[in-house]
Amino acid sequence: MASTVTTERSARPGYGQLLRTKGAWTFLVPGFAARQPFAMLTISIVLLVRHTTGSYGAAGAAAAVTGVSMALFAPYSGRLADRYGQRAVLMPGVVLHTAAGLTLTVLALAHAPLWALFAAAVPTGASVPQVGPMVRARWGTRLKGSPLMSTAAAFESVTDELTFVVGPLLATALCTAITPSAGLVTEAALTLIGGLLFAAQRGTQPPVGPHAEPGEEAHARVSALRVPGVRVLIVTFLGIGAVFGGMQVSLAAFTESIGEPGLNGVLYGVFAAGNMLSGVICGAVAWKSSPRRRLMVGYTALALTTSALWTVHSVPLLAGLGLLVGMCIAPALITGYTLVEDLVPAGARTEAFTWLTGAVALGQAAAVTVAGQWEDRLWDGAGFLVPMAATVPALATIFALRSLLVARARNRTVARGVGHREPVTVD
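Criteria and cut-off values
- Residues numbered from 1 in each chain as written.
- Predicted model: local features only at pLDDT ≥ 70, side-chain atom pairs only at ≥ 80, totals over all residues.
- Heavy atoms only, no water.
- Helix = DSSP H or I, 4+ residues; strand = E, 2+ residues; numbered from the N terminus.
- Buried < 20%, exposed > 50% of the residue type's maximum accessible area, 1.4 Å probe, protein only.
- Contact = heavy atoms within 4.5 Å.
- Areas by Shrake-Rupley, 256 points an atom, 1.4 Å probe, with all protein chains shown as cover.
- pLDDT = per-residue confidence, 0-100.
- Patch = residues over 30% accessible without salt bridge, like charges linked within 9 Å, V, L, I, M, F, W, Y side chains within 5 Å.
- Salt bridge = Lys/Arg side-chain N within 4 Å of Asp/Glu carboxyl O.
- Phe/Tyr/Trp six-rings, centres within 6.5 Å; stacked < 30°, edge-to-face > 60°.
- Lys NZ or Arg CZ within 6 Å of the ring centre and 35° of its normal.
- Expected span 1.5 Å × (residues − 1).
- Core = buried A, V, L, I, M, F, W, Y, C linked by side-chain atoms within 4.5 Å.
- Axes fitted to C-alpha atoms, helices over the stretch in contact; angles between N-to-C directions.
- Parallel < 35°, antiparallel > 145°, perpendicular 65-115°, else oblique.
- Left-handed = near helix turned anticlockwise from the far one by under 90°.
- Nonpolar A, V, L, I, M, F, W, Y, C, P; charged D, E, K, R; others polar.

Caption draft 1: Spatial organisation of the overall build of the protein chain. Within the protein chain, the regular secondary structure consists of 18 helices and zero strands. Expressed as a percentage of the 427 residues in the protein chain, the buried residues total 55%. Of the contacts formed within the protein chain by residues at least 6 apart in sequence, a portion of 84% connects residues at least 24 apart. Approximately 17,400 Å² of the protein chain is accessible, and the part contributed by carbon and sulfur atoms is 66%.

Caption draft 2: Highlighting the confidence of the model for the protein chain. Taken over all residues, the pLDDT of the protein chain has a mean of 77, while the share at 70 or more is 83%. Element-level mean pLDDT values for the protein chain span from 39 in helix H18 (residues 410-418) up to 91 in helix H7 (residues 114-126). In this model, residues 409-427 is a region of pLDDT below 50 whose contacts with residues beyond four sequence positions or in other chains number 26 contacts.

Caption draft 3: Here's a closer look at a nonpolar patch on the surface. A cluster of nonpolar side chains, Leu277, Ile281, Leu323, Leu324 and Met327, forms an exposed patch at the surface whose accessible area comes to about 400 Å². Only helix H13 (263-284) and helix H15 (315-343) provide two or more residues apiece to the nonpolar patch. Top contributing element to the nonpolar patch by residue count: H15, with three residues. Relative to the elements of secondary structure, leucine 324 occurs in helix H15. A relative accessible area of 43% means that leucine 324 is categorised as partly exposed.

Caption draft 4: Representation of the packing of aromatic side chains. This model, assessed by the stated rule, comprises one aromatic pair. Seen in terms of ring centroids, phenylalanine 244 and phenylalanine 271 are 6.1 Å apart; in terms of plane orientation they differ by 70 degrees. Their pairing is edge-to-face. Linking phenylalanine 244 in helix H12 (residues 228-257) with phenylalanine 271 in helix H13, this pair joins segments that are 27 residues apart in sequence. Phenylalanine 271 shares its class with phenylalanine 244; the two are buried. The ring of phenylalanine 198 is capped by arginine 138, whose NZ or CZ atom sits 4.2 Å from the centre of that ring.

Caption draft 5: Looking closely at helix H6 (residues 86-109). Between its terminal C-alpha atoms H6 stretches 34 Å, which fits the 34 Å expected from 24 residues at 1.5 Å a residue. Of the residues flanking the end of H6, it is histidine 111, one or two places downstream, whose phi is positive at about 60 degrees.

Caption draft 6: Up close: the side chain of histidine 97. Within the secondary structure, histidine 97 is located in helix H6. With near-sequence residues (within four places) excluded, histidine 97 lies in contact with Pro37, Leu41, Thr124, Ser127, Val128, Glu187 and Thr191.

Caption draft 7: Seen up close, the nonpolar core. Ile240 and Phe244 are the most contacted members of the largest nonpolar core, which totals 79 residues. Broken down by element, this core gets its largest block of residues, 15 residues, from H12. In this view, phenylalanine 244 contacts Phe164, Tyr268, Phe271, Asn275, Ile329, Leu333, Val360 and Gln364; residues no more than four positions away in its chain are not counted. The next biggest cluster of nonpolar side chains, apart from the first, holds 19 residues, and it includes Ala24, Leu28, Val131 and Ala152.

Caption draft 8: Representation of the packing of helix H14 (residues 291-306) against helix H17 (residues 385-400) in the model. Running from amino to carboxyl end, H14 crosses H17 at an angle of 155 degrees, the nearest separation of the two axes being 8 Å. If you check the angle between H14 and H17, you find them roughly antiparallel. Read as a crossing pair, H14 and H17 show a hand that is left-handed. Listed contacts from H17 to Leu295, Met296, Tyr299, Thr300, Leu302, Ala303 and Thr306 of H14 are Pro387, Met388, Thr391, Val392, Ala394, Leu395, Ile398 and Phe399. Of the residues assigned to the contact of H14 with H17, the class counts are 12 nonpolar, three polar and no charged.

Caption draft 9: The environment of asparagine 275, seen in detail. Note on placement: asparagine 275 falls in helix H13. Looking at asparagine 275, the relative accessible area reads 1%, which means it is buried. For the pair formed by asparagine 275 and leucine 324, sequence separation is 49 residues and the distance between their alpha carbons is 8.4 Å.

Caption draft 10: Local environment of the side chain of serine 44. Position of serine 44 among the secondary structure elements: in helix H4 (residues 36-53). Under the relative-accessibility criterion, serine 44 is labelled buried at 0%. Here serine 44 is in contact with Ala171, Cys175, Gly183 and Leu184, once residues within four sequence places are set aside.

Caption draft 11: View of the packing of H4 against helix H10 (residues 182-199). Running from N to C, H4 and H10 cross one another at 160 degrees; their axes reach a closest spacing of 8 Å. Classified by the angle between their axes, H4 and H10 sit roughly antiparallel to one another. Note that H4 runs across H10; the crossing there is left-handed. Residues Gln36, Pro37, Met40, Leu41, Ser44, Ile45 and Leu48 of H4 touch H10, and the partners they reach there are Gly183, Leu184, Thr186, Glu187, Leu190 and Thr191.

Caption draft 12: How the structure looks around the environment of alanine 252. Its location among the elements puts alanine 252 in helix H12. For alanine 252, a relative accessible area of 6% gives the class buried. Note: C-alpha distance between alanine 252 and tyrosine 268 (16 residues apart in sequence) is 8.9 Å.

Caption draft 13: Structural view of unusual backbone geometry. Non-glycine residue histidine 111 carries a positive phi angle of around 60 degrees. Its location among the elements puts histidine 111 in the loop between H6 and H7. When its relative accessible area of 56% is taken as the criterion, histidine 111 is described as exposed.

Following this line, the structure appears as structure tokens:
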């Protein structure tokens, strides 16, 4: 019997077995559509506002307000979903987001003053549905106690990478090939349709209230920020968000400066392809090294590749370097989410995931603002300095506080907030 258990644990469950989980496709398909707004929103706002105002600085500022609003409200959305149910949060949220996004579009096309765009950007960002963390929570409900949980974590990380590939590419293509407002309109439509379909899958959402497991409701009320490792990961994900934001603005400015705006989608596609490729590989590999070590190595590579971006001034070289930068992002993201699974108790994980999602949004917002200002005020290509300026300090933080990213510290840290916990086996 012991040898059988050992064999089962040593064999890594595959994606095929995971996707055969009963009910999985009912929330995966609408969930994928509903999580696109996070990846589409920033670039759609940048391209639309840049078109209507002629300024990357104004475009970056409007996108930044949206990102900051999203980052501030995302954790509260996660906590509300844990306490009252995902459907109760999603139903009004997607309607509000759709209305706010369309209002922002109309104001931009009407050449409204910048303060009016900011006013519309706040509810637009605050109401972005946190579907990614909700999907992860549903996997936890369906697979509780199953060895497939680690496979589900990898699958969701790959899905996040695919979202960052499809979303910006779709938004860029719509804005450049059809009309600058097409990206934001499509984003709003996907939010409404995908969000409502996802919310309708009531049978797979985690239980709340009297149906929750003993102690889970109390655990859900403990902020994930009480776990020190989560705070380190937030800084890490801020840097990753800055890479996305810096690349979006800087690639758009670069291709316009050389008179080839159509190449923006191509260059960003190459960057996204590297991201997606390494994401698929990382999700499929049975890693022997610890998540902390993988994060340190992967983030070092990310900081080094982003540090060279500002020196490149030709399309082929920028495409090649962008591919490498993209390939370095996925390992950092996947490992960060894996560490959440190790460091944070189940009752606080949805909130922890939303903190990381919000950190990416905040980093992206800050990056598009700074990159836009630098492109306007300094030289062509100055925005490429932003990813380096964000990832290097984040890397220093990881190395300085790496002791907080050890999984065995979880029980000691969480115990201060939730009291006694049942001992569990950690593989």
